[in-house]
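# Remarks on the overall topology
As a plain string of letters, each chain reads:
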Amino acid sequence: MASVLRLTRPQWIFAPYWLDAHPDHVAATQLIEAARFWSKLTKTDMPGQPHYPQRILYYYCVHLRLVAQPAFVLDISDQWEQKLAAIGAYRSQFVEGRTDEPPTFLDRLRDQAAYWGWSIGTRYGEPSPAANRSG
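The structure reproduced in this document is the subject of the present report.

About the cut-offs
- Residues numbered from 1 in each chain as written.
- Predicted model: local features only at pLDDT ≥ 70, side-chain atom pairs only at ≥ 80, totals over all residues.
- Heavy atoms only, no water.
- Helix = DSSP H or I, 4+ residues; strand = E, 2+ residues; numbered from the N terminus.
- Buried < 20%, exposed > 50% of the residue type's maximum accessible area, 1.4 Å probe, protein only.
- Contact = heavy atoms within 4.5 Å.
- Core = buried A, V, L, I, M, F, W, Y, C linked by side-chain atoms within 4.5 Å.
- Expected span 1.5 Å × (residues − 1).
- Arc of directions from axis to C-beta.
- Axes fitted to C-alpha atoms, helices over the stretch in contact; angles between N-to-C directions.
- Parallel < 35°, antiparallel > 145°, perpendicular 65-115°, else oblique.
- Left-handed = near helix turned anticlockwise from the far one by under 90°.

A few words now on the environment of L7. Position of L7 relative to the elements: it lies in helix α1 (residues 2-8). According to the relative accessible area criterion, L7 is exposed, its value standing at 55%. On a C-alpha basis, the gap between L7 and G48 in space is 5.2 Å, while along the polypeptide they are 41 residues apart. Filtering out sequence-adjacent residues up to four positions away, L7 remains in contact with P47 and G48.

Time to look at the nonpolar core. Where a protein is soluble and globular, its nonpolar side chains tend to be buried together. Membership of the largest hydrophobic core is limited to 12 residues, which are A2, L5, I13, A15, Y17, W18, I32, A35, M46, I56, Y58 and Y60. Breaking this core down by element, the ones donating at least two residues are α1, β1 (12-16), α2 (23-38) and β2 (55-59). Look past the residues within four positions of A15 in its chain and what remains in contact with it is T29, I32, I56, L57, Y58 and Y59. Counting eight residues, the second largest nonpolar core, distinct from the first, contains I87, F105, L109 and Y124.

Attention now moves to α2. Across its 16 residues, α2 extends 22 Å between first and last C-alpha, which sits within 8% of the 22 Å expected from 1.5 Å per residue. Residues of α2 that are buried: T29, I32, E33, A35 and R36. Viewed along the axis of α2, the buried residues span an arc of 160 degrees, placing them on a single side of the element. Exposed positions of α2 whose direction lies more than 90 degrees from the buried face are P23, D24 and L31. Taken together, the buried residues of α2 touch α1, β1 and β2.

On to the packing of helix α3 (residues 80-88) against helix α5 (residues 105-120), then. Packed helices, taken two at a time, are described by their axes: the angle between them and the distance between them. Orientation of α3 relative to α5, taken along the N-to-C sense of each, is 150 degrees, at an axis distance of 12 Å. Classed by the angle they form, the pair α3 and α5 counts as roughly antiparallel. As for the relative orientation of α3 and α5, their crossing is right-handed in sense. Contact residues: α3 offers W80, L84 and I87, while α5 offers F105, L106, L109, R110 and A113.

Pasting the structure below:
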């Protein structure tokens with residue numbers, strides 16, 4: 001992953017918020033933070049030139065029941081249908097076996113996105129945590 005950062009040279013990278021009930025989300029954040037560190041090293045045989053992305057932007061996972069004041073809210077109105085399609089690719093986690101009585105998981109997800117969109121004057125929004133633990 002550090003090699004990819006060196007080759008693509010992003011200024012920002014995204015990672016799940018580090019407080020999460022799913023160990024794989026926590027591990028993903030740890031991998032991203034480690035890759036950011038390793039990508040700046042000079043004495044290595046990794047491809048590409050050393051690079052250190054300016055920021056890690058942490059995002060809330062859809063299941064996290066935490067309502068904190070975000071650092072910013074991103075307008076996702078134009079991407080809303082694409083986000084639903086991506087979540088639909090994981091039907092076994094988010095749809096199958098859950099109640100189909102309203103409000104469903106997808107209803108709640110839409111309502112949350114609509115709330116955050118309302119907070120910035122758009123149809124749908126995605127909050128980003130205010131905390132930044134790695135600069």
